[in-house]
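Understanding the architecture of this molecule
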Amino acid sequence: MPHKQSSQGRLSPSSYEEDIQQVLAPRLAQFAAVARHEHVTRAAHELGVPQSSLSRAMVRLEADLDVALFARKGRTVSLTPAGRTFLTAVERALAEVEKAADAVRADADATTGKVAFGFLHTMGSETVPALIRAFRADHPHIRFQLVQNYGEAMLERLRAGDLDLCLTSPVPEAPDLVARRLDEQRLRLVVPDDHRLATRKRVRLAEAAEETFVTLEPGYGLRRITDDLCAQAGFRPKVAFEGEEAETLRGLVAAGLGVALLPPPAVARPGVVELTVTAPRAAREIGVAWLDGHPDTLPVAAFKRFLLSRRGHILPQNPLLEVGGTATD
């Protein structure tokens, strides 16, 4: 059957991407099968479709492209030069689709799948490694894509589909997210070791009202908690330095550049004293969040169950002893 050029059903430049998806994509595998067999009946048998339906599909494909892809002789066909060019691209596209399918199947595999897990910088040295180690005792081959960031940025990546779960603070309240409280972490007022308060074990936050503070940048959960606690204590902190990482702030405190409200460190830092805050109650809630209505793969579901089962035991069991007091005071 000779190919007849037709303007009806051709790809329109104004909606090219939509046309590619709706018109070409469903026919690519059919075209590749006919090209491989050079016989419509055998290709139809391989694909499990009626020969007449496959013939009509190829005629429509040629009409949509406005190019003859096949030279026909009876029941056999051969590719035209345009058909050979098109086949090269089609085979490459189908290979990429298969590669993508293999990848998502691998990521969803119950035994060897992947979890995209976000968490705060302050949980990267101890908390998250301990959690993953405990989880992998029963799931040794599940893989993790780990993302450290501040809270708001992680929630945006959660909404964008880049993360499956995130461990964050404060626990978010948003209609498109599900969040569960997992633990609580006491915060300390960190002062230089030659500070006027350094000989104390405990302190009311109001006693630091005239101090210069070093804090995380706006947008970080811990910065919001710091501002809220200072407001409860009756003052607005005078901020001299803003950073992106808690241990950097400890270094600034050790250098005598201010005081800070921080969670306990993984390793004791020389040059600072960490004081228990008695009023207001200085603590931050740690929670896990995920996108509401987003279906979980088997590995994500397993890790979510694990985190929820550790409620109250997310943080290290033996907090670092502080100079002048303990982390559990």
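Before reading on, note that the structure itself is shown above.
Residues numbered from 1 in each chain as written. Predicted model: local features only at pLDDT ≥ 70, side-chain atom pairs only at ≥ 80, totals over all residues. Heavy atoms only, no water.

Examining the sheet that holds strand 12 (residues 272–279)
Strand order in the open sheet formed by four strands is 8-12-7-11, and the pairing between neighbours is mixed. The open sheet has two edge strands, strand 8 (202–204) and strand 11 (260–262), and neither has a second partner. Taken over all neighbouring pairs, the strand axes of this sheet differ in orientation by 45° on average, direction set aside. Bridging between strand 7 (residues 188–192) and strand 11 involves three bridges; their strand directions are antiparallel. (Pairing = 2+ DSSP bridges. Helix = DSSP H or I, 4+ residues; strand = E, 2+ residues; numbered from the N terminus. Axes fitted to C-alpha atoms, helices over the stretch in contact; angles between N-to-C directions.)

Considering the packing of aromatic side chains
Tallying each qualifying case throughout the model produces eleven aromatic pairs. Taking 5.5 Å as the distance between ring centres and 50° as the angle between the ring planes, the aromatic pair formed by Phe-31 and Phe-70 counts as tilted. With Phe-31 in helix 2 (residues 28–37) and Phe-70 in strand 1 (residues 70–73), this residue pair connects regions lying 39 residues apart in the sequence. Phe-70 gets classed as buried once you look at its relative accessible area, which sits at 6%. Taken together through their ring pairs, the aromatic side chains of Phe-117, Phe-119, Phe-135, Phe-144, Phe-303 and Phe-306 make up a single cluster. (Phe/Tyr/Trp six-rings, centres within 6.5 Å; stacked < 30°, edge-to-face > 60°. Buried < 20%, exposed > 50% of the residue type's maximum accessible area, 1.4 Å probe, protein only.)

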